[in-house]
Amino acid sequence: MSLLRLFRTFSKTSALVAILAQFSVQADSSMPATLHTETIVVGAGCFWGVEKRFEAMPGVINAVSGYADGNGVAPTYSAITQRANKMNPNNHAEVVQISFNPAQISLTTVLQRYFEMHDPTQLNRQGNDVGTQYRSTILTNSQEQFDIAQQVKVQYQPLLSKAGYGEITTKIKPLQQFFPAEQYHQDYIANNPNGYCPDHSTGVRFEPAVKTQLAKVDNNALKNGKHILVIDSESYCPYCEKFKADVTSKYNGDIPLHFRYANQLKGLTLKTATWATPTIILLENGKEVFGRQGYLAPEQFYLLLGKFKLGDSEAFNVAFDEGTDGRFCQQYEIFKNTPEGVFIDKLSGAALFDTKDRFDSGTGWLSFTKPVADAVIEKPDNRYGMRRTEIRAKVSGIHLGHVFNDGPGGLPRYCINATVLDFVPRQQGS
């Protein structure tokens, strides 16, 4: 039936819209020319990180975690992870089915990124994940895909060999059947925001310029004094991006913060494994003092940083145990008559109070009529039988003091502990 006849037949708009929608769906599903997609299945260890990295690539339409290439083993997570199947050559592999638009991203590029995102020289493992389910494999849907996969593998081997790696173990074979994994495995990283991305890449790239650029990193500066080291991902890692957005983008502290890839750590003495991103390591004179794999929320990061920078001190107790400076303490005496400038968070470096708003309250604590705009948060504090308003630093969350309503001229009095502050003189003309 023609669209014109349909239009004449149905006078009611709702009926016309419904039939046109049905016609559109039927037309789209029956026209192969409208389907510009291709699929291929790959295994590169745990499928969570592989799925997320491919989904972030321009031209990739979808990535689905699943199981394939097994025989006699049920395609379920509980079955493939049984101890009896750990080294079973007939076990299914954890794989990802990639749907992509070849007009936007070629199969060659897809497979180049695949080889770069894991270590294809490891047999039946990726990092700490050991077993046949973690094997490196490419499962193709056509002879053309098979030939391209073989070609990319052959091209990658000399690059790996030059970098000191062994033979590629990746098996390339035709796909028999793909079984989607359980729903809770799909988009696992996106649905579990506090964790890390397994990153087992070798750092060897198909583009020599990238490899050369990575090799020039100098770590000598990290061998003196205290430093914060964040091991970043060379490809997309949502946990890394979340950590940057929530923590490092707001950090301006005086302990230098550095980003490195796992293959850029030469000369440093580390104890924590570096295959997870992000990994946060606290260094002193080039040696690891503390290491943690995975995303850290701001409150966790600043608690660790506080211990690292302040140690067992009055400042740490005030910042994290909600303590209070002694009246007229040494730091108060230093800060009560500074030149013009800004008092900053001792940990994050964020500006908190300006000398323009400072006044002498006679209490023995630093007093201000207001904080820097959007620098602090207020919380009810009903401890010790009192009803007070606590002041915390917005970026780091550390305890600063309290605010009272007895300031000069009816203004508030922000009663602030000096030990959790640093001071930055104002530059001339600012």
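For the structure, see preceding data.
Residues numbered from 1 in each chain as written. Predicted model: local features only at pLDDT ≥ 70, side-chain atom pairs only at ≥ 80, totals over all residues. Heavy atoms only, no water.

Student: Describe the environment of Pro 75, listing the residues and the values that go with them.
Tutor: Tracing the chain through its elements places Pro 75 in the loop between strand E2 (60-68) and helix H4 (77-80). Judged by relative accessible area, Pro 75 falls into the partly exposed class, the value being 26%. Note: C-alpha distance between Pro 75 and Pro 180 (105 residues apart in sequence) is 8.6 Å. (Helix = DSSP H or I, 4+ residues; strand = E, 2+ residues; numbered from the N terminus. Buried < 20%, exposed > 50% of the residue type's maximum accessible area, 1.4 Å probe, protein only.)

Student: So, the nonpolar core: which residues are in play, and what are the values?
Tutor: Among the nonpolar cores identified, the biggest contains 42 residues, and Phe 301, Leu 305, Phe 353, Leu 400 and Leu 421 are the most heavily contacted of them. Here this core gets 5 residues from one element, more than from any other, and that element is helix H10 (residues 298-310). Those residues in contact with Leu 400 that lie beyond four places of it in its chain are Leu 352, Phe 353, Val 376, Ile 391, Arg 392, Ala 393, Cys 415, Ile 416, Asn 417, Val 420 and Leu 421. Membership of the second largest hydrophobic core comes to 34 residues, among which are Met 57, Ala 63, Ile 98 and Ile 172. (Core = buried A, V, L, I, M, F, W, Y, C linked by side-chain atoms within 4.5 Å. Contact = heavy atoms within 4.5 Å.)

Student: Kindly report on the packing of H10 against helix H11 (residues 314-321), identifying the contributing residues and their values.
Tutor: The N-to-C vectors of H10 and H11 enclose an angle of 170°; their axes lie 9 Å apart at closest approach. Classified by the angle their axes make, H10 and H11 are roughly antiparallel. Considering only the axes of H10 and H11, their crossing is left-handed. Between H10 and H11, the contacting residues are Tyr 302, Leu 303, Gly 306, Lys 307 and Leu 310 on the first element and Ala 315, Phe 316 and Phe 320 on the second. A breakdown of the residues in the contact of H10 with H11 according to their chemical character gives 6 nonpolar, 1 polar and 1 charged. (Axes fitted to C-alpha atoms, helices over the stretch in contact; angles between N-to-C directions. Parallel < 35°, antiparallel > 145°, perpendicular 65-115°, else oblique. Left-handed = near helix turned anticlockwise from the far one by under 90°. Nonpolar A, V, L, I, M, F, W, Y, C, P; charged D, E, K, R; others polar.)

Student: Break down the pairing of E2 for me, citing the residues and quoting the values.
Tutor: Summarising burial for E2: 7 of the 9 residues are buried, a large majority. Two strands pair when backbone bridges link them, and E2 and strand E3 (residues 93-100) are joined in this way by 8 bridges, in the antiparallel orientation. Bridging from a neighbouring strand, Ala 63 pairs with Ile 98 of E3. When E2 meets strand E8 (residues 178-180), the two strands line up antiparallel, connected through 3 bridges. Each bridged residue has a counterpart across the sheet, and for Gly 66 the counterpart in E8 is Pro 180. (Pairing = 2+ DSSP bridges.)

Student: Outline the pattern of salt bridges, listing residues and values.
Tutor: Enumeration according to the criterion identifies 20 salt bridges in this entry. Lys 336 is the partner of Glu 333 in a salt bridge, and the nearest nitrogen-oxygen pair spans 2.8 Å. The partly exposed category is assigned to Glu 333, whose relative accessible area is 35%. Its relative accessible area of 32% is what places Lys 336 among the partly exposed residues. Residue Lys 394 pairs with Asp 374 through a salt bridge whose shortest N-O separation is 2.7 Å. Of this pair, Lys 394 sits in the loop between strand E20 (388-393) and strand E21 (399-404) while Asp 374 sits in the loop between strand E18 (366-368) and strand E19 (376-381), and the two are 20 residues apart along the sequence. (Salt bridge = Lys/Arg side-chain N within 4 Å of Asp/Glu carboxyl O.)

Spatial relationships are all this shows, so hold off on functional conclusions.
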